[in-house]
Structures are given as structure tokens and as C-alpha cells.
Amino acid sequence: MSLSTSIHDIKTLVLSYHPVIVMETVEEDRVFSLLQSTALELRMPFFQWSITTGLVRVPGKNIMYGTGEPTSLLSTLHQMDTQAIFLLKDFARFATDHTVARQLREVSRKFTKNRSTLVLSGATIRLSPEIEHNVVHFHLKLPEREELRKVFNTVLHSLVSANRIEVLLDPREREELVTALSGMTLNQARQTIAFAALKDGKLSAGAIEEILERKAQVIRESGLLEYFPVEDNRFQLGGFARLKSWLVRARTGFSREARELNLPAPRGILIVGVQGCGKSLAAKVIARQWKLPLVKLDAGRLFDKYIGESEKNFRKAISLAESMAPVVLWIDEIEKAMATGGGEADGGVGRRMFGSFLTWLQEKKHEVFVVATANDLSILPPELLRKGRFDEIFFVDLPNADERGAILTIHLKLRKQDP
């Protein structure tokens, strides 16, 4: 989702009388910028609130005194007749109080009529069912290329103006560096660029590797995906002749010519068969052959004890993978990740996640190539196997004599031996 698209969507929500918008994100600065731009385009006043500062008119520092407490803030908002956008930071934690919850409902009812909008931001937002009835959730995806390029240019201009760094990048390398930033928040991108530039006083092509290392660390810290950079992918695969032949043809789907003809990029493949015969290795080799980064979705990390958190983790993981497109998304042992046979033992979480996965797989617009592996085809639901979900399904059996020879040759060469 581009910056202009995000602003347009928020404008639409404001103009369509949505009184409360929820944005679950840690990117407070980005939320502030989006709302400020929206308010400017709509020519509406913009206010922000936090427990430490109270209600403040933006731009400037026009503090409305006596609004530091949630109850006094809501009383003030209920009395105001100004059509405006109000950003409330970390406010949801106070909405568990019955008085605050009641006041919030009354304010939202009034805002429904005068076209004002409250925006609640925070890392995790849980509201009571009574309040949720008046709320719309806006999923702020990770920044795309447009925003990352803007941050890159801003940081670069600041450092060069201060005579702190020397820039040794040609236009192609600049674009590669911006691409390497995909999957990061704006603040993470800003810090990573500055660190890479200030480390030795210059920004060169070598900074791309440092940024990729930092991105791998960021993704690991998210706890949902594991990241394998292109540069570190040295895996080789013996056998799999049909898969290799198919990959050569399918790679065309990611080309510029295919996009110009509006041809869809390959969706993904399902690899099933005997354990230990190279299914997981095949996912790594696909990324290596196509020179794309590889991210692994660990299903065990998705599940959470709190209601709704597992589904939110899944959406976050998918959003992170999409922000890095084109990319290979590896889902190992998908039959365990998307189980649907457990009845209500898990509260229906497995079924809901499976349904979300099928919908995303069918409708996805980003160049995320899914490589799913499975050991037992019989327990996979038939909806997953029908044509249109995956481009192809490959069966992996025990290697024959020629394939065993190819595997042995790979290992001997890796150990500098003559086959």
C-alpha cells in the first residue's frame, strides 16, 4: 500500500462518518504523518493526545490544559463542536475502565454526526465488544518502496549536508539499497541507513550487505519469519529434474515483459513425499536459482493463547513477506501449520487461519512465491489441492541411482574431492 493510497483510504473513512479508527502499529511517527497529511488535504484541524502531554493542536504547541486524564479528555471532546481528526496514543489501555468506556461510546456517537474522527494507535489494542461496534480497523502495512526511497533521500541529504559522509553509489546501487530496506519500518530503515553510512564515513555498495544483515536481525526479532539472504544461499540440489525444468519456465513470470503483458506471477508449488528426501532443500534452491530472498514461516510461532492473536500474527507475517516482494515464502510441513481436523479443540483457530491462507493464496497481488512442503498428502484438506491454489504439485520419492550419483557428486565437490 503506497503513501498516497493510505492517505486516500483514511480520507474515505473520515468522510464516510467513521467515528473511531484503530491502527495497531508501533510506528507512531508514521501514523502522525499520515493523519497530518490527511487533515491538510481535508482542511480539517488535527490534534494529538498522550497521557504525558494532554491534547495538543498540530502544528504548534497549543496545549489544551486539563485534558491529561482520559475522562477529562473525553469530556472536552464531547463538548467540542469542531470537525477534526484526533490522534490518541496508547489510549486503548484506559478503555477497560467502565467510565472511560461509557464516555468513549458517547463521544463516538456524537462524532458519527459531525464527521470528527478519533484514531487510536498502539502496539496492541483490545476494546470491549460495545466499543468495537463503532470501530473500524485500519491495517497499516509496512512501508513500500515510495516511502523507503523518501526516507533514504532524507537521511542521505542530512548526512551529506553536515559533511559527515561521502556517497559512492551509482543510480542502480541506490535502487538496490532501497530494495534491501523492504520489510523494515521507517524508523528501522532510517537507523540502518545512518549506521551503515557513519560506520566508515561513506556509503558504498558494501552497505547493502550490512543492511541485509540488519534486516535479517529485524525479521528474527519479529519471531514470525526466518530470513535467508540471497548472498548466503549456497544450497545445491541433486535430482528433481522435473522441478528444475519447471522452474526455468516459471521464472519468466517475474520478468518485466510478463508484467507489461499483465501476466500473473507464479503463485507457488506444493512439494509432498517421503521424509528426508530434499523437500526443504528444494525451497532453498528455488530461491537461489531465482536469486530471490527466502523467508520461512514457522507455524508454531503463529499460535498465541489470546483470542485473535494467532490470526493477527498470521496477517503480520504475510504483510512482512509481501513488503519484501519479490520473495520466496517457505512453509514447511504445511499439514501441521494449517490443521483443520481438530474440531473445536483449538477454538477454531486452525480453521480460521486455514481459511485466511486460502483466500490470500487465491487473491494475492504481490510477487510472493509460496513453496509449501508436506509429508502426508492424505491429511491435507481438498480445498488446498484444487487447481488455482498452487501452480503445480510435485511428489518426491526416494532417489534413484542417477539421482544418488548426482547427490554424491555435489558432496564430493563441496569437500574439494574429484568425483
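What you see is a predicted model, and the numbers here were worked out from it, not measured in a lab.

### Some points on the overall build of the protein chain
- What the protein chain contains, in helices and strands, is 17 helices and 15 strands.
- A principal-axis box enclosing the C-alpha atoms of the protein chain has dimensions of 80 × 65 × 40 Å.
- Of all 419 residues assigned to the protein chain, the portion counted as buried reaches 47%.
- A fraction of 77% describes how many contacts in the protein chain between residues 6 or more apart in sequence connect residues 24 or more apart.
- Accessible surface, the protein chain: about 21,700 Å² in total, of which carbon and sulfur atoms supply 52%.
- Within the protein chain, one finds 57 positive and 51 negative side-chain charges whose respective centroids are separated by 2 Å.

### What about the sheet that holds strand β12 (residues 294-297)?
- Sheet architecture is open: six strands sit in the order β10-β12-β13-β14-β11-β15, paired in mixed fashion. For this open sheet the edge positions go to β10 (225-228) and β15 (392-396), each flanked by a neighbour on one side alone. Looking at each pair of strands side by side, their axes are set apart by 20° on average, direction ignored.
- Inspection of the sheet shows strand β13 (residues 327-331) paired to strand β14 (residues 368-374) by five bridges, in the parallel sense. Bridge pairing links V327 to V368 in β14.

### Remarks on the nonpolar core
- Formed by 58 residues in total, the largest nonpolar core has its most connected members in L177, L203, L329 and I334.
- Residues in contact with I334, not counting those within four places in the same chain, are L270, F357, A372, T373, A374, L380 and L384.
- Counting 26 residues, the second-largest nonpolar core is a separate cluster that includes L55, F86, L88 and V135.

### Digging into the pairing of strand β3 (residues 54-58)
- The buried fraction of β3 amounts to four of the five residues, a majority that puts the element mostly inside the structure.
- Pairing between strand β2 (residues 46-50) and β3: five bridges, direction antiparallel. Bridge pairing in β3 places F46 opposite V58.
- Counting the residues in the hairpin turn of β2 and β3 gives three residues.
- For β3 and strand β4 (residues 62-64), the ladder comprises three bridges, and the chain directions are antiparallel. Looking at β4, one finds that L55 is bridged to M64.

### As for the packing of helix α3 (residues 70-79) against helix α4 (residues 98-114)
- It is the contact of α3 with α4, at a shortest axis distance of 9 Å, that shows an interaxial angle of 20°. Considering the angle they form, α3 stands roughly parallel to α4. The element α3 and its partner α4 pack so that their crossing is left-handed. Residues P70, T71, L74, S75, L77, H78 and Q79 of α3 touch α4, and the partners they reach there are T99, V100, Q103, L104, E106, V107, K110 and F111.
- Considered class by class, the residues forming the contact of α3 with α4 number seven nonpolar, six polar and two charged.

### Focus: the confidence of the model for the protein chain
- With 94% of its residues at a pLDDT of at least 70, the protein chain reaches an overall mean of 85.
- Within the protein chain, the lowest mean pLDDT, 76, falls on helix α14 (residues 334-337), and the highest, 96, falls on strand β5 (residues 85-89).

### A word on the packing of aromatic side chains
- Counted by the stated rule, this structure contains 13 aromatic pairs.
- Seen from their ring centres, F254 and W290 are 5.3 Å apart, and the 70° between their planes marks the pair as edge-to-face. With F254 in the loop between α10 (241-250) and α11 (256-260) and W290 in helix α12 (residues 279-290), this residue pair connects regions lying 36 residues apart in the sequence. W290 carries the same exposure label as F254, and that label is buried.
- Each member of the aromatic cluster is reached from another via a ring pair, and the members are W246, F254, W290, F369 and F394.
- In this arrangement the basic side chain of K296 is found over the ring face of W330, its NZ or CZ atom lying 4.7 Å from the centre.

### Points about a nonpolar patch on the surface
- A grouping of V274, F395 and L398 is seen on the molecular surface, where their side chains present a nonpolar patch of about 310 Å² in accessible area.
- Secondary-structure assignment places V274 in the loop between β11 (268-273) and α12.
- Overall, V274 belongs to the partly exposed group, its relative accessible area being 31%.

### Notes on unusual backbone geometry
- Residues V58 and P59 are joined by a peptide bond in cis, for which omega reads 0°.
- Here P59 lies in the loop between β3 and β4.
- The phi torsion at R43 lies on the positive side, around 55°, for a residue other than glycine.
- Checked against the element boundaries, R43 lands in the loop between α2 (28-42) and β2.

### Quick notes on the pairing of β13
- Of all five residues in β13, five are buried; the element is thus mostly enclosed.
- Burial along β13 is two-sided: the face carrying V327, L329 and I331 and the face carrying V328 and W330 are both buried.
- Judged from the four bridges that link them, β12 and β13 form a sheet pairing that is parallel. Bridge assignment links V295 to a residue of β13, and that residue is L329.

### Structural notes on helix α1 (residues 3-15)
- Along its 13 residues, α1 runs 18 Å from first to last C-alpha, staying within 8% of the 18 Å computed at 1.5 Å per residue.
- Of the surrounding elements, those touching the buried residues of α1 are β1 (20-24), α2, β5, β6 (117-122) and β7 (135-137).
- In the segment just after α1, Y17 is the residue with positive phi, at about 65°.

About the cut-offs
- Residue numbering note: each chain is counted from 1, following its sequence as written.
- The model is predicted, so local features are restricted to residues of pLDDT at least 70 and side-chain atom pairs to those at 80 or more, both for listing and for counting; the totals for chains, interfaces and linings are taken over all residues.
- By convention in this description, side-chain values take in all heavy atoms of the structure and omit both hydrogens and water.
- Starting at the N terminus, helices and strands are each numbered in turn, a helix being any DSSP run of H or I of at least four residues and a strand any DSSP run of E of at least two.
- Summary of the burial criterion: residues with accessible area below 20% of their type's maximum are buried, those above 50% are exposed, and those between are partly exposed, where the area comes from a 1.4 Å probe applied to protein chains only.
- Contacts are residue-level and defined by heavy atoms, with any inter-residue pair within 4.5 Å sufficient.
- Calculation of accessible area relied on Shrake-Rupley with a 1.4 Å probe; when residues are assessed, cover is drawn exclusively from the protein chains displayed.
- His is not counted, nor are the chain ends; Lys and Arg add positive charge and Asp and Glu add negative charge.
- By convention, the point assigned to a charge is CZ for Arg, NZ for Lys, CD for Glu and CG for Asp.
- We treat two strands as partners when DSSP finds at least two bridges between them.
- To define axes, lines are fitted to C-alpha atoms, for helices over the stretch in contact only, and angles between the resulting N-to-C directions are given on a 0 to 180 degree scale.
- Within this scheme, the nonpolar core is defined by two criteria: the residues are buried Ala, Val, Leu, Ile, Met, Phe, Trp, Tyr or Cys, and they are joined through side-chain atoms within 4.5 Å.
- Here is the rule for angles: anything less than 35 degrees is roughly parallel, anything more than 145 is roughly antiparallel, 65 through 115 is roughly perpendicular, and the remaining ranges are oblique.
- By definition, turning the near helix anticlockwise from the far helix through less than a right angle yields a left-handed crossing, and turning it clockwise yields a right-handed one.
- We call Asp, Glu, Lys and Arg charged. Ala, Val, Leu, Ile, Met, Phe, Trp, Tyr, Cys and Pro are nonpolar, and the rest, Gly among them, are polar.
- As a per-residue measure, pLDDT tells how confident the predictor is, with possible values from 0 to 100.
- Stacked, edge-to-face and tilted labels apply to pairs of Phe, Tyr and Trp rings (six-membered ring for Trp) whose centres lie within 6.5 Å, assigned for plane angles under 30 degrees, over 60, and everything in between, in that order.
- Whether a charge lies above a ring is judged from NZ of Lys or CZ of Arg, which has to be within 6 Å of the ring centre and within 35 degrees of the ring normal.
- Only residues whose relative accessible area exceeds 30% and that take part in no salt bridge are eligible for patches, with like-charged residues grouped when within 9 Å of each other and nonpolar side chains (Val, Leu, Ile, Met, Phe, Trp, Tyr) grouped when within 5 Å.
- One side-chain nitrogen of Lys or Arg within 4 Å of one carboxyl oxygen of Asp or Glu is enough to make a salt bridge.
- Residue count minus one, scaled by 1.5 Å, sets the expected span of a helix.

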